Amino acid sequence: MCNTVIVGSGIAGSVLARRLAEEQDKQVLIVEKRNYIGGYCYDYRDENGILIHKHGPHIFRTESEKVWQFLSRFTEWEDYQHKVLTNVNGQFYPMPINLDTVNEFLGTSYTAETVDEYFAAHRTNPAEINCVKDVIESQIGSEFYHAFFEKYTEKQWGLPCEQLPPEIVARIPIRKNRDDRYFTHRWQAMPKEGYTKMIQNMLDHPNIHVLLNADYKDIKNSVECDHIYYSGPIDEYYGYRYGKLPYRSVTFKFETYPIEQYQPASVVNYPNNYDYTRITEFKHFYRSKTTNTVIAKEIPGPDGDPSYPIPTNENKELYSKYAAIPNDKVTFIGRLGEYRYYSMDQIVERMLELKI
Ligand code: UDP
């Protein structure tokens, strides 16, 4: 017997568990099917002493003071500014595209004042911005679209850019200056001891009880509660009654090398070659001094653990049918429950604002 069941111990479920325990003195049971907490944020220190993000690179950033202050109760932070390079035709270029990317790729010497000449001469002018192709080409033209975005996006999402909505690349700016940071949020950092530790601290409350290795489906008849917060896929919860919602999955291929550094940045994108989209070298996140290094190649595909909801209109409509099923007992939360491509801070913000 408990007041509330939360299915999934990812960042959504964990923030909510803490609020329910603290603000309302609820007894909370978290049901987690994996043998560890944290969901896709889970990280661990490997035998080389490097913190590995098991489900791919997680870079914390936010504009919200409320989010930053809430999480700062559970972790100290390590300064970190994320930088990404992209490998096009065997050369590394700063990503997002900035003045240096433009000049190095074109062999030009535009300045912040003159680069608009290139953009103005090459950008397209579609009547409406309907897809990823429109977003990029209307800013910087087709040469950069083909070299830096088209194949990466199609590899990542398994659909042509013409069928993918603008929001997918909305977070990637095109810059006229030389700023080579991936994000420019007011707060950006890595939790000092990792995400798992931060979430473990969040769940460390006498009212919160965590059941690992437990599939909600198997135990639901033996648990009584007033309300359920469900962070798994909403279509799965309803037994796929309207059909399966498509998710993109990612397989991580981890490799260890007996060298100090594999690549010059934490993340290098490979838009045009290989079956992987990017390689992450984890030691850069904490500037770990080790003699070995560990990398992960990200290979997207349709099968496996659902990671990215695919936000086409058709899929959003299907999701709306599931969301419209009357259900006072269950609230769906997080990327999979709400079928939305959220970053960590957006999820925390939503969970802090959720009426409980
Ligand atoms: N993208 C791209 N080329 C790149 C980097 C990103 O085309 O070099 C597109 C791609 O469609 C990707 C989206 O921008 O899915 C968002 O990129 P982000 O790095 O934010 O993706 P995430 O880290 O969430 O997978």
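What comes next is a walk through the structure. By convention here, each chain's residues receive numbers from 1 onward along its written sequence. Predicted model: local features are reported for residues with pLDDT of at least 70 only, side-chain atom pairs are reported and counted for 80 or more only, and whole-chain, interface and lining totals are derived from all residues. Excluded from the side-chain calculation are hydrogens and water; included are all heavy atoms of the structure.

### Details of the overall build of the protein chain
Part 1 of the reasoning: Secondary structure counts use DSSP, requiring at least four H or I residues in a row for a helix and at least two E residues in a row for a strand, with both numbered from the N terminus. Each helix and strand in the protein chain was counted, giving twelve helices and 17 strands.
Part 2 of the reasoning: C-alpha extents for the protein chain along the principal axes are approximately 70 × 50 × 35 Å.
Part 3 of the reasoning: Two residues form a contact once any of their heavy atoms are found within 4.5 Å. Pairs at least 24 apart in sequence give 72% of the contacts found in the protein chain among residues at least 6 apart.
Part 4 of the reasoning: In the protein chain, which carries 41 positive and 49 negative side-chain charges, the distance between the mean positions of the two groups comes to 2 Å. In this tally, Asp and Glu contribute negative charge and Lys and Arg positive charge; neither His nor the terminal groups of the chain are included. Charged side chains are reduced to one point each, which is NZ for Lys, CZ for Arg, CG for Asp and CD for Glu.

### Observations regarding the site of the ligand
Part 1 of the reasoning: The cutoff for a nearby residue is simple: one of its non-hydrogen atoms must lie within 4 Å of the molecule or strand. Lining the immediate environment of the ligand, one finds 16 residues, of which Thr153, Arg171, Tyr182, Tyr308 and Tyr341 sit closest.
Part 2 of the reasoning: As used in this structure description, the phrase polar contact means that two N or O atoms lie within 3.5 Å; if the pair is within protein, one of them must be able to donate a hydrogen and the other to accept it, and residues adjacent in sequence are counted only when both atoms belong to side chains. Here a nitrogen atom of the ligand and a backbone polar atom of Phe148 are 3.1 Å apart.
Part 3 of the reasoning: Separating an oxygen atom of the ligand from a side-chain N or O atom of Asn269 is a distance of 2.9 Å.
Part 4 of the reasoning: Among the elements that take part in the shell around the ligand, helix α6 (residues 142-157) stands out by supplying six residues, more than any other.

### Some points on the pattern of salt bridges
Where charged atoms of side chains with opposite charge meet at close range, the side chains can pair.
Part 1 of the reasoning: A side-chain nitrogen of Lys or Arg and a carboxyl oxygen of Asp or Glu constitute a salt bridge if their distance falls within 4 Å. Counting across every chain of the model gives 16 salt bridges.
Part 2 of the reasoning: Residue Glu137 pairs with Lys133 through a salt bridge whose shortest N-O separation is 3.3 Å. A residue pair is termed a helical-turn pair when its members lie 3 or 4 positions apart in one helix, as Glu137 and Lys133 do in helix α5 (residues 132-140) at four residues.
Part 3 of the reasoning: Exposure classes here rest on a 1.4 Å probe applied to the protein chains alone. A residue is buried below 20% of its type maximum, exposed above 50%, and partly exposed in between. When its relative accessible area of 23% is taken as the criterion, Lys133 is described as partly exposed.
Part 4 of the reasoning: Between Lys316 and Glu167 there is a salt bridge; the shortest N-O distance is 2.8 Å.

### Points about the layout of surface pockets
Part 1 of the reasoning: As defined here, a cavity is a set of points on a 1 Å grid over the protein atoms alone where a 1.4 Å probe fits but cannot get out. A pocket is an open set with protein on both sides within 12 Å along at least five of seven lines, and residues line them when an atom is within 4 Å of a point. Grid points are joined across faces, edges and corners, and a volume is the space filled by probe spheres set on the points. Of the pockets and cavities examined, the second largest pocket occupies roughly 270 Å³.
Part 2 of the reasoning: Around the second largest pocket sit 15 residues that line it, and Arg61, Arg171, Tyr341, Ser343 and Gln346 are the ones nearest its centre.
Part 3 of the reasoning: Of the residues belonging to the lining of the second largest pocket, the class tally is five nonpolar, four polar and six charged. In this count, Pro and Cys sit with the nonpolar residues alongside Ala, Val, Leu, Ile, Met, Phe, Trp and Tyr, while Asp, Glu, Lys and Arg are called charged and the others, Gly among them, polar.

### Some details on the environment of Asp204
Part 1 of the reasoning: Assignment of secondary structure puts Asp204 in the loop between α7 (195-203) and β10 (208-211).
Part 2 of the reasoning: Residues Asp204 and Phe74 lie 130 residues apart in sequence; the distance between their C-alpha atoms is 9.7 Å.

### Observations concerning the sheet that holds strand β17 (residues 330-332)
Think of a sheet as strands paired side by side through backbone hydrogen bonds, with each pair either parallel or antiparallel.
Part 1 of the reasoning: Ordered by their spatial adjacency, five strands build an open sheet running β10-β2-β1-β11-β17, and the pairing between neighbours is parallel. Two strands in the sheet have a free side with no partner beyond their single neighbour: β10 and β17. Strand after strand, the sheet turns through a mean of 20° between neighbouring axes, direction not considered.
Part 2 of the reasoning: Two strands pair under a simple rule: DSSP has to find at least two bridges between them. Taken together, the four bridges between strand β2 (residues 28-31) and β10 define a ladder with parallel strand orientation. Residue pairing across strands places Val31 opposite Leu211, the latter belonging to β10.
Part 3 of the reasoning: Sitting on the sheet, helix α1 (residues 11-23) touches β1 (4-7), β2, β10 and β11 (227-230), and the angle it makes with β1 is about 165°. Angles run from 0 to 180 degrees between N-to-C directions of axes, and those axes are lines fitted to C-alpha atoms, restricted for helices to the stretch in contact.

### Some words on the sheet that holds strand β15 (residues 293-301)
Part 1 of the reasoning: What the seven strands build is an open sheet, ordered β8-β7-β13-β14-β15-β12-β16; its pairing is mixed. Edge positions in the open sheet fall to β8 (91-95) and β16 (308-309), since each of these has one partner strand only.
Part 2 of the reasoning: Note that strand β13 (residues 267-269) and strand β14 (residues 278-281) share three bridges and pair antiparallel. Opposite Asn269, over in β14, you have Arg278 as the bridge partner.
Part 3 of the reasoning: On the sheet, helix α3 (residues 99-106) packs against β7 (84-88) and β8 and is oriented at approximately 155° with respect to β8.

### So, the nonpolar core
One recurring pattern in soluble globular proteins: nonpolar side chains tend to sit buried together.
Part 1 of the reasoning: Nine residue types can take part in a nonpolar core, namely buried Ala, Val, Leu, Ile, Met, Phe, Trp, Tyr and Cys, and a core is a set of them joined through side-chain atoms within 4.5 Å. The biggest cluster of nonpolar side chains holds 103 residues, and the ones touching the most others in it are Val5, Ile11, Leu71, Ile97, Ile140, Phe148 and Phe149.
Part 2 of the reasoning: Looking at this core, the element that brings in the most residues is α1, giving seven residues.
Part 3 of the reasoning: Once residues within four sequence positions are removed from consideration, Ile11 is found in contact with Gly38, Cys41, Met198, Ile199, Met344, Ile347 and Val348.

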